[in-house]
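Descriptive structure summary
Residue strings, one per chain:
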Amino acid sequence: MAQKPSIPKGTRDFGPETMVKRNYIFDTIKSVFKLYGYQPIETPAMENLSSLMGKYGEEGDKLLFKVLNSGDFMSKADDTVLSEKNSIKVTNQISEKGLRYDLTVPFARFVVQHQNELQFPFKRYQIQNVWRADRPQKGRYREFYQCDVDVIGSDSLLNEVEIIQIVNDVYKKLKVNVVVKMNNRKILAGIAEVIGQPDKIIDITVAIDKLDKIGLDKVNEELVEKGLPQEAVDKLQPIMNLSGTNTEKLQQIKEVLKESEVGLKGVQEMETVFYWLAPLNVETEVELDLTLARGLNYYTGAIFEVKALDAQMGSITGGGRYDDLTGIFGLPNVSGVGISFGADRIYDVMEQLNLFPKDTATTTKIMFVNFGEKEQTWCLPVINKLRQQGIAAEIYPQAGAKMKKQMNYANARNIPFVALVGDNEIESSTITLKDMDKGEQKAISVEELIQILNK
RNA sequence: GUGGAUGUAGUUCAGUUGGUUAGAACGCUGGAUUGUGGUUCCAGAGGUCGCCGGUUCAAAUCCGGUCUUCCACCCCA
């Protein structure tokens, strides 16, 4: 007895209607990327585990899918390691490949490996799926697509400005209302420095990040729990209570950070970005949010996060600047900045808000009813002609199938026109064209048919 | 990884304190209509009640395990 087929947890099949909508998102994003001069690359689904481990923090390592070695890997494994039953050590013995967790780290690897073939600053885009062994929920999958743009080999803040423009253009095209939240790791480092806890920066940022969600009191509790002295937590309070416009916030934070060189550098970077952005008439709101932390620990400068305004969903796009990602792979001092659009979450948001254009559902424009082999033979050259004109056309493949069945098929597939060619039409060299929406039909010539369908 | 909910026809869901042969709507197939779909009418097919085990004379219903989906935490696109 055949077992019920299924797919792994957190993965999905996509049917035709879903794919049409997904492609709409991919095409839109891709068109904007190209418009700004980015070039496409792809990298393998698998990377060497050594390239992936340690880049996403401790949590990230756990969420990596590891691929077993090929062959009789167990016989080669060290017995003492196996008997220890330590998962991490055993993994090292039996797995040396893993599925990519994001597109940024493979990109850094790519840049280092191909540095001599690339023209810097290198602007690339990459649209591929990534895998995370997370527990699935709404808007969280184990396999999902990221659409990344990065520019590497330039530390100009113009790139940050460009990324904001790209975000604006993409969401304007998709008709999704969003807010771009921005922060800077240097400011966060400065804060840690000023309160005398520079090595606690990760704990501090992770806790501050939750301000919206759990409130000030709980954040303070968590900070104390993580081993921060009370006086340091106290010093942090004015920062968490910042308010006003971006400029006002920066003004206040500058005061707090006046002792910290890094911190002031961060503030200055933000000021520059906002200054250059101002005359560009970007409609999307860009908000300085000092509670924005982002977990990925390779970020060193600007960090971005984009949230949909009209739907409840985690961040749908995120990124930032990384000063030394390529350093780990042997190419130091190359700065990059990029951002990643989460296609699956964007899809969920657009589905919720009903933002997909209706006509994307149509594929074939006209279907020829198949009355029999003789009629079929007459129709095929006509269909060829239509296709040469770029008109999507097809014929029902079963010669002489019941009319009702054929019409039903066209209707179910949302094909807007049906052509009927039987004895009468062949005799007079015409085609009876039926408009499925209006239900009207008329006899016309092939030339007229092309004209009507080309509209 | 921790805690909670969920699973019944292709789909969305009913199903009483455990009690004959598990239902509805929509969809599907055939017919009314042999050159006309979307409306209507008639008929029909379709279920190991997620999976495995246990309690019971008897389990969709109670218990345990497991998997899926969803929710919260963690983290994130």
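What counts, and where the lines are drawn
- Residues numbered from 1 in each chain as written.
- Chains lettered and ligands numbered in written order.
- Predicted model: local features only at pLDDT ≥ 70, side-chain atom pairs only at ≥ 80, totals over all residues.
- Heavy atoms only, no water.
- Axes fitted to C-alpha atoms, helices over the stretch in contact; angles between N-to-C directions.
- Helix = DSSP H or I, 4+ residues; strand = E, 2+ residues; numbered from the N terminus.
- Left-handed = near helix turned anticlockwise from the far one by under 90°.
- Contact = heavy atoms within 4.5 Å.
- Nonpolar A, V, L, I, M, F, W, Y, C, P; charged D, E, K, R; others polar.
- Buried < 20%, exposed > 50% of the residue type's maximum accessible area, 1.4 Å probe, protein only.
- Domains from an automatic or database assignment.
- Core = buried A, V, L, I, M, F, W, Y, C linked by side-chain atoms within 4.5 Å.
- Parallel < 35°, antiparallel > 145°, perpendicular 65-115°, else oblique.

A few words now on the packing of helix α1 (residues 16-35) against helix α16 (residues 343-353). Two elements in contact, α1 and α16, have axes whose closest approach is 10 Å; the angle formed by their N-to-C orientations is 115°. Between α1 and α16 the crossing geometry is right-handed. Where α1 approaches α16, its residues T18, K21, R22, Y24, I25, F26 and I29 are matched on the opposing element by A343, D344, I346, Y347, M350 and E351. Class assignment for the residues of the contact of α1 with α16 results in eight nonpolar, one polar and four charged.

Keep in mind that most residues, glycine aside, have a negative phi and that most peptide bonds are trans. The peptide bond linking F120 to P121 adopts the cis configuration, its omega dihedral lying at -5°. Topologically, P121 is positioned in the loop between α7 (104-113) and β5 (122-131). If you check the backbone angles, N281 has positive phi at about 55° while not being a glycine. Its location among the elements puts N281 in the loop between α15 (261-277) and β8 (285-288). The exposure class assigned to N281 is exposed, which follows from its relative accessible area of 65%.

This next bit is on the domain arrangement of chain A. Where interface size is quoted, it is often the accessible area lost as the parts come together. When the domains of chain A are assigned, the result is domain 1 (16-43 + 102-352) and domain 2 (363-454). Using only C-alpha atoms to locate each centre, domain 1 and domain 2 end up separated by 52 Å.

We now examine α16. Taken residue by residue, α16 has A343, D344, I346, Y347, D348, V349 and M350 as its buried positions. Those residues of α16 hidden inside the fold are in contact with α1, β6 (143-152), α8 (158-174), β9 (302-308) and β11 (336-342). With its phi angle positive at about 60°, N354 sits one or two positions after the end of α16.

Quick look at the nonpolar core now. It is characteristic of soluble globular proteins that their nonpolar side chains tend to be buried jointly. Residues I253 and F341 are the most contacted members of the largest nonpolar core, which totals 93 residues. Considering each element in turn, this core owes the most residues, eight residues, to α8. Each residue touching F341, except ones within four places of it in the same chain, is listed here: I29, F33, Y145, Q146, C147, I166, V167, V170, Y171, I316, T317 and I346. Residues F368, I391, I395 and L449 belong to the second largest nonpolar core, which totals 19 residues.

A separate point is the packing of helix α14 (residues 246-256) against α15. Interaxial distance between α14 and α15 falls to 10 Å at its minimum, and their mutual angle equals 165°. Classified by the angle their axes make, α14 and α15 are roughly antiparallel. Two packed elements cross with a definite hand, and for α14 against α15 that hand is left-handed. From α14, N246, L250, I253 and K254 reach across to α15, where they touch L264, V267, M270, E271 and F274.

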